[in-house]
Each structure stands twice: as C-alpha cells, then as structure tokens.
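Take a look at the letters that make up each chain.
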Amino acid sequence: ILIPDGILNYLPFEALLTEKADKRTIHFHDLPYLIYKNTFNYAYSAELIRNSAGSRHKVRKRVLAFAPAMPLSGTQNNDTIDLPALPGTVDEVNYIKRKIKSDLFMREAATEQNFRRHAADYQILHLAMHTLINDSVPLFSRLAFYPGTSDSLENDGWLNTSEIYNLKLNARMAVLSACRSGGGKLQQGEGLMSLARSFFFAGCPSVVLSLWEVEDRSGTEIMKTFYRNLKYGRPKDTALRNAKLKHIRNADPMTAHPHLWLGFITTGNPEPLFNGIDKLLLSLMGIILAGLVI
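Residues numbered from 1 in each chain as written. Predicted model: local features only at pLDDT ≥ 70, side-chain atom pairs only at ≥ 80, totals over all residues. Heavy atoms only, no water.

## Focus on the overall build of the chain
Part 1 of the argument: Counting secondary structure elements, the chain contains nine helices and 13 strands.
Part 2 of the argument: If you line up the chain on its principal axes, its C-alpha atoms span 70 × 60 × 40 Å.
Part 3 of the argument: Burial status across the chain gives 50% buried among its 294 residues.
Part 4 of the argument: Expressed as a percentage of contacts within the chain between residues at least 6 apart in sequence, the contacts between residues at least 24 apart total 73%.
Part 5 of the argument: Here the chain displays about 14,900 Å² of accessible surface, and carbon together with sulfur accounts for 54% of that area.
Part 6 of the argument: In the chain, which carries 34 positive and 28 negative side-chain charges, the distance between the mean positions of the two groups comes to 8 Å. (Helix = DSSP H or I, 4+ residues; strand = E, 2+ residues; numbered from the N terminus. Buried < 20%, exposed > 50% of the residue type's maximum accessible area, 1.4 Å probe, protein only. Contact = heavy atoms within 4.5 Å. Areas by Shrake-Rupley, 256 points an atom, 1.4 Å probe, with all protein chains shown as cover. Lys, Arg positive; Asp, Glu negative; His and termini not counted. Charge placed at Lys NZ, Arg CZ, Asp CG, Glu CD.)

## Some remarks on the nonpolar core
Part 1 of the argument: Counting 65 residues, the largest nonpolar core has Phe115, Phe199, Phe226 and Tyr227 as the members making the most contacts within it.
Part 2 of the argument: The residues contacting Tyr227, other than those within four sequence positions of it, are Ile96, Ile100, Ile124, His126, Met173 and Val175.
Part 3 of the argument: Among the nonpolar cores identified, the runner-up in size contains six residues, and Leu72, Leu132, Ala144 and Trp158 belong to it. (Core = buried A, V, L, I, M, F, W, Y, C linked by side-chain atoms within 4.5 Å.)

## Structural notes on unusual backbone geometry
Most peptide bonds are trans, and most residues other than glycine sit at a negative phi.
Part 1 of the argument: Backbone geometry places Arg107, a non-glycine residue, at a positive phi of 50 degrees.
Part 2 of the argument: Relative to the helices and strands, Arg107 resides in the loop between strand E4 (102–106) and helix H3 (112–118).
Part 3 of the argument: The class for Arg107 is partly exposed, based on a relative accessible area of 38%.

## A look at the sheet that holds strand E7 (residues 142–144)
Part 1 of the argument: In space, the three strands of this open sheet follow the order E6-E7-E8, with antiparallel pairing throughout. Every other strand in the sheet has two partners, leaving strand E6 (130–132) and strand E8 (158–160) as the edge strands with one partner each. Pairs of neighbouring strands in the sheet enclose a mean axial angle of 25 degrees, with direction left out of account.
Part 2 of the argument: Of the pairings in the sheet, the one linking E7 to E8 comprises three bridges and is antiparallel in character. Bridging across to E8, Leu143 finds its partner in Leu159. (Pairing = 2+ DSSP bridges. Axes fitted to C-alpha atoms, helices over the stretch in contact; angles between N-to-C directions.)

## A closer look at the environment of Val207
Part 1 of the argument: Mapped onto the elements of the fold, Val207 is located in strand E12 (residues 206–210).
Part 2 of the argument: Apart from the residues within four sequence positions on either side, Val207 is in contact with Ala174, Leu176, Ala196, Phe199, Phe200, Ile265, Thr266 and Thr267.

## Quick look at the environment of Phe140
Part 1 of the argument: Its location among the elements puts Phe140 in the loop between E6 and E7.
Part 2 of the argument: A C-alpha to C-alpha distance of 32 Å links Phe140 and Thr238, two positions 98 residues apart in sequence.

## Describing the packing of helix H2 (residues 87–99) against helix H6 (residues 216–231)
Part 1 of the argument: Between H2 and H6, the shortest axis-to-axis distance is 9 Å and the interhelical angle comes to 10 degrees. It follows that H2 is roughly parallel to H6 by the angle criterion. Mapping the contact onto sequence places Pro87, Gly88, Thr89, Asp91, Glu92, Tyr95, Ile96 and Lys99 in H2 and Asp216, Gly219, Thr220, Met223, Lys224, Tyr227, Arg228 and Lys231 in H6.
Part 2 of the argument: Residue composition of the contact of H2 with H6, grouped by class: five nonpolar, four polar and seven charged. (Parallel < 35°, antiparallel > 145°, perpendicular 65-115°, else oblique. Nonpolar A, V, L, I, M, F, W, Y, C, P; charged D, E, K, R; others polar.)

## Here we look at the sheet that holds strand E13 (residues 264–268)
Within a beta sheet, neighbouring strands are joined by backbone hydrogen bonds and run either parallel or antiparallel to one another.
Part 1 of the argument: Pairing in this open sheet of six strands is mixed, and the strands run E4-E1-E5-E9-E12-E13 from one edge to the other. Strands at the two margins of the open sheet, each flanked by one partner only, are E4 and E13. On average, adjacent strands in this sheet sit at an angle of 15 degrees to one another, irrespective of strand direction.
Part 2 of the argument: When strand E1 (residues 61–67) meets E4, the two strands line up parallel, connected through five bridges. Residue pairing in the sheet places Ala65 in a bridge with Leu104 of E4.
Part 3 of the argument: Of the strands in this sheet, E1, E4 and strand E5 (122–127) touch H2, which is tilted by about 165 degrees from E4.

## Observations regarding the environment of Lys231
Part 1 of the argument: With respect to the helices and strands, Lys231 occurs in helix H6.
Part 2 of the argument: Here Lys99 takes part through its backbone oxygen, which lies 2.7 Å from a polar atom of the side chain of Lys231. (Polar contact = N/O pair within 3.5 Å; in protein donor to acceptor, adjacent residues only side chain to side chain.)

## A closer look at the layout of surface pockets
Part 1 of the argument: Taken as a whole, the largest pocket spans an internal volume of roughly 310 Å³.
Part 2 of the argument: Residue lining of the largest pocket: 15 residues in total, with Ser218, Glu221, His247, Asn250 and Ala251 positioned closest to the centre.
Part 3 of the argument: Elements with a minimum of two residues in the lining of the largest pocket: H6 and helix H7 (236–250).
Part 4 of the argument: Here the lining of the largest pocket gets seven residues from one element, more than from any other, and that element is H6.
Part 5 of the argument: A class-by-class count of the residues in the lining of the largest pocket yields three nonpolar, five polar and seven charged. (1 Å grid on protein atoms, 1.4 Å probe; cavity = no way out; pocket = protein on both sides within 12 Å on 5 of 7 lines; lining within 4 Å. Points joined across faces, edges and corners; volume = space filled by probe spheres on them.)

## Overview of empty space enclosed by the protein
Part 1 of the argument: Applying the stated criterion across every chain, the model contains three cavities of 30 Å³ or more.
Part 2 of the argument: Taken as a whole, the largest cavity spans an internal volume of roughly 100 Å³.
Part 3 of the argument: Grouping the constituent residues of the lining of the largest cavity by class yields eight nonpolar, three polar and no charged.

Structure below.
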C-alpha cells in the first residue's frame, strides 16, 4: 500500500524498473517492471485507509454501469466542449453485464439524472465516460454524462466534483473508466485533490481511477479482464495487476508501451468483492465428501 507524497502522486510505481535496461535495444515487452514482482494499491492518506472498511448500508443490486459513448458537444462556463465518441465503452459495459448481473444506461439513457436516481442502490458503480479536469479549481472537475435539461443543475449532463461530495453512496467500489479521473491539484498536507477522491467522501471505500488519458481499445480490454478476475474472487488490486500483465503478454511492440496499460490504479479497500469460483468448488467438494462419508 502506497501513500505517495508530492508529485509522486502522479507516478504509478508499477512501471519502475528493478534493474538497469539497455537503452540501445529497448523492447517494452521485456523491461523488468516492478509490477512483475509486486501488487500495488494506493491511498490518499492513512485516515482514508482507516475509514475505508465499507459502505454505509448493505445493498443487493450488483453493478450500475453508464456509457454515454456518443460524441458530446456544448458550452459550459463560456468554454466550448467537443468530446469524441467512445465506442469501446459500450462493448466494455456489455461485457461486464455478461459476467456480473448489471443494469446498464447507455447512450441517451446515460444521463446525470439517472445516475443520481439509482446510484445509491448498487454495490459497484462503473462510469465509462469522459471527464473534464479543472486543475486550478478541482471542485469544478466533472464527469460528462449524456446531456439532459440545460436549465436543471441536476440533469445538465455535468456532474461536478463538488456535487459528488454531497451524494450518499452505498457502493463497495466505484470504477472511473474515464480519462484523468485521478488527476488534480496537489494540496499541501492533503495530497492530490482529484475527482476520484470525492467518491470516498460520498461513501465508496474503494475507487479505481486513471492517472491520464485512456486509449479506448486498450482501456476496454483491461477493464474486461479486471472484472473477470474480480468474479473469480481476486482482491481488487490483484485483479487489476493481472489485467495489466495479460495486456503486456498479448500486446504487440506498439501497444506494449506503458502509457496504454499503466494509467489505471486501485485506491482504498482492496478486499475481494466476490467469493470466487475456487471457494465455491471447495464448498461443493466438501459437501460431496460429506455425502460420501455418510
């Protein structure tokens, strides 16, 4: 568990090298990354670790996933916004639904109003969308849902960090599969003031975030493997590490570049969300053995 200080908040430690590399013949597949030896989980502070035991209330619904997917454009605070489509996010959330019981809000249905209405009822929140980061005023960083009613602050399509602080969530994990969801301004004595941090204060003991812009295809594949590992009962940090290692093994010389697989990190409580197939098999074997003895 790492609690980085200062500018180290922007550095994923998994890519540090355990030995000196030959700069004349660098192949990103073969570099001795620290991820091969260690599993990493991050935290903003020891206090947040202490308070990350669990959510406020137990909820039964599994996954709530949002994927606006379509290109978005508009004006906010006199800024013109033009966001490209994210077609890979639709594939991403559909895959999650095949693995874990999920309710999906895609394209026009992926509105801020629907998120506010349903978010408190789910164990896992998965948001596959654009983020707009305001480094000078972190409370104005925002998630880009599908545009709703422009005259309603609760359904204008922009969920600000300041608004997330005031939500009451019961999720055991929030996955911000969005660009730079972990980026923000360094605050003396507090660390990084990011959009992702607001989910801790809203009640989520664990958040998966990105430190920079996520490439649509690579990000989608890593998220798929991450959820498959979660379903097998892996801890959150181990599930993400295994997803990154699989990407490195299967990548070509271009897509093996750390920029494409390194950006996602886990923060907060790393405990597993599911019992996993291994425990179910052991239980089944125990029942069969007991039956044979009887």
